Amino acid sequence: VAPGRLTIRGTTALAGVIGWPVAHSRSPLLHNFWLARYGIDGAYVPLPVAPGAFDVAVHGLRAAGFRGANVTIPHKEAAFAIADRLHRSAVRSGSVNTLVFAQDGTIEAHSTDGDGFVASLEAKGVDVARGPVLLLGAGGAARAVAASLLDRGMAVSVANRTTARAVALAEALSGDGSVPVSVIDWADWTDRLPGHALLVNTTSLGMHGGPGDVFTPDLSRAPDDMVVSDIVYVPRMTPLLTAAVARGLRVVDGTGMLLHQARLGFKCWFGVDPEVDADIQALFDADL
Ligand code: ATR
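Please read all numbers here as calculations on a predicted model, not as lab measurements.

Chemist: Describe the pattern of salt bridges, naming the residues involved and giving the relevant values.
Modeler: Overall, the coordinates contain 15 salt bridges when judged by the stated rule. For the salt bridge of Arg263 with Asp273, the shortest nitrogen-to-oxygen distance reads 2.8 Å. Of the two residues, Arg263 sits in helix α9 (residues 255-270) while Asp273 sits in the loop between α9 and α10 (278-287), which places them 10 residues apart along the sequence. Here the salt bridges share partners, and the residues they tie into one network are Arg37, Asp277 and Asp279.

Next comes the structure, spelled out in structure tokens:
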């Protein structure tokens, strides 16, 4: 078969991404690249599913023999509800981005965002057991990242513009054997940088098309060996990362989290743990 020629057979394993809209998703590009790279008889397709049609669509895909699907906006809550089993990652993060259809017909829900984030740090040689981490933001992405960092034994502090949401996140993740999450006042976070090994932005500050606020934090108090990461990846060099580089700190951009969360889903459906290498990074960057 000529390279790049798509071959669908009776045996082809199928997965896809369910969203509305879904045309902008880069997931098909990534998964189909890996399928070709590893010579797997599979295909990954965009699945535009309107609000209200989610349950019918998921049960239909399952009945039609799909291996599973990624789930994106606006179906994340419905994905939580439709699962027969919640993987620990879904319970801890309170969110779902990956469905796996088991051979017995049941649906298992996972969240691969937090573990994808941690894997992206590890891939850059960051010692994730070093901690403690200062996390900016308290939305769904923050909780997924915090849950995975806590699971690695890291101490986590959270600062969020709306303090009540930071408190709610800390409460949701307390217990279960982890160190309690501490809450830092949003107004104080730059003063509280000393003593932290890792700074992670999960807010939409600095995101292309996000809040218009100028986000040029004062990192002068950051420890010299601090690693700074941003889960925002458009632009790839966010204002926070730019400030960190200017301060001489190591940075990890948000593209790795995207690639590694995709990797974890791929492994569940197709049984191969694909490598996040320079080729897939280049493919992703070219499409940004
Ligand atoms: P997600 O689920 O993707 O994390 P979200 O729940 O909308 O998204 O959370 C967005 C995060 O960005 C929140 O932490 C939000 O702070 P609030 O909880 O106070 O809303 C943060 N955020 C958004 N705009 C912000 C701004 N202009 N300044 C500071 N934080 C902001």
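Picking up after the structure, the text goes on.
Chemist: Help me get a handle on the nonpolar core, residues and values and all.
Modeler: In terms of nonpolar packing, the biggest core is built from 28 residues, with Phe117, Leu149 and Val156 touching the most fellow members. Those elements giving two or more residues to this core turn out to be α5 (113-123), β7 (133-136), α6 (140-151), β8 (156-160), α7 (163-172) and β10 (198-201). Per element, the largest residue contribution to this core is six residues, and it comes from α6. Leave out the neighbours within four places in its chain, and Leu149 touches Phe117, Val118, Val133, Met154, Val156 and Leu198. In terms of nonpolar packing, the next biggest core, distinct from the first, is built from 19 residues, Val49, Ala69, Ala90 and Ile107 among them.

Chemist: Account for the packing of helix α1 (residues 27-37) against α9, with residues named and values stated.
Modeler: Viewed as axis vectors pointing N to C, α1 and α9 meet at an angle of 55°, and their least axial separation amounts to 10 Å. Classified by the angle their axes make, α1 and α9 are oblique. Read as a crossing pair, α1 and α9 show a hand that is right-handed. Contacts between α1 and α9 involve Leu30, His31, Trp34 and Leu35 from the first element and Leu259, Ala262, Arg263, Phe266, Trp269 and Phe270 from the second. Among the residues making up the contact of α1 with α9, the classes are represented as eight nonpolar, one polar and one charged.

Chemist: Can you lay out the packing of aromatic side chains for me, pointing to particular residues and giving the numbers?
Modeler: Across all of its chains, the model carries six aromatic pairs by this definition. Taken together, a centroid distance of 5.9 Å and an interplanar angle of 40° make the contact between Tyr44 and Trp269 tilted. Of this pair, Tyr44 sits in strand β2 (residues 42-48) while Trp269 sits in helix α9, placing them 225 residues apart in sequence. Residue class for Trp269 comes out buried when judged on its relative accessible area of 3%. A network of ring pairs unites the aromatic residues Trp34, Tyr44, Phe266, Trp269 and Phe270 as a single cluster. Over the face of the ring belonging to Phe284 we find Arg26, whose NZ or CZ atom lies 5.7 Å from the ring centre.

The rules behind each value
- Residues numbered from 1 in each chain as written.
- Predicted model: local features only at pLDDT ≥ 70, side-chain atom pairs only at ≥ 80, totals over all residues.
- Heavy atoms only, no water.
- Salt bridge = Lys/Arg side-chain N within 4 Å of Asp/Glu carboxyl O.
- Helix = DSSP H or I, 4+ residues; strand = E, 2+ residues; numbered from the N terminus.
- Core = buried A, V, L, I, M, F, W, Y, C linked by side-chain atoms within 4.5 Å.
- Buried < 20%, exposed > 50% of the residue type's maximum accessible area, 1.4 Å probe, protein only.
- Contact = heavy atoms within 4.5 Å.
- Axes fitted to C-alpha atoms, helices over the stretch in contact; angles between N-to-C directions.
- Parallel < 35°, antiparallel > 145°, perpendicular 65-115°, else oblique.
- Left-handed = near helix turned anticlockwise from the far one by under 90°.
- Nonpolar A, V, L, I, M, F, W, Y, C, P; charged D, E, K, R; others polar.
- Phe/Tyr/Trp six-rings, centres within 6.5 Å; stacked < 30°, edge-to-face > 60°.
- Lys NZ or Arg CZ within 6 Å of the ring centre and 35° of its normal.

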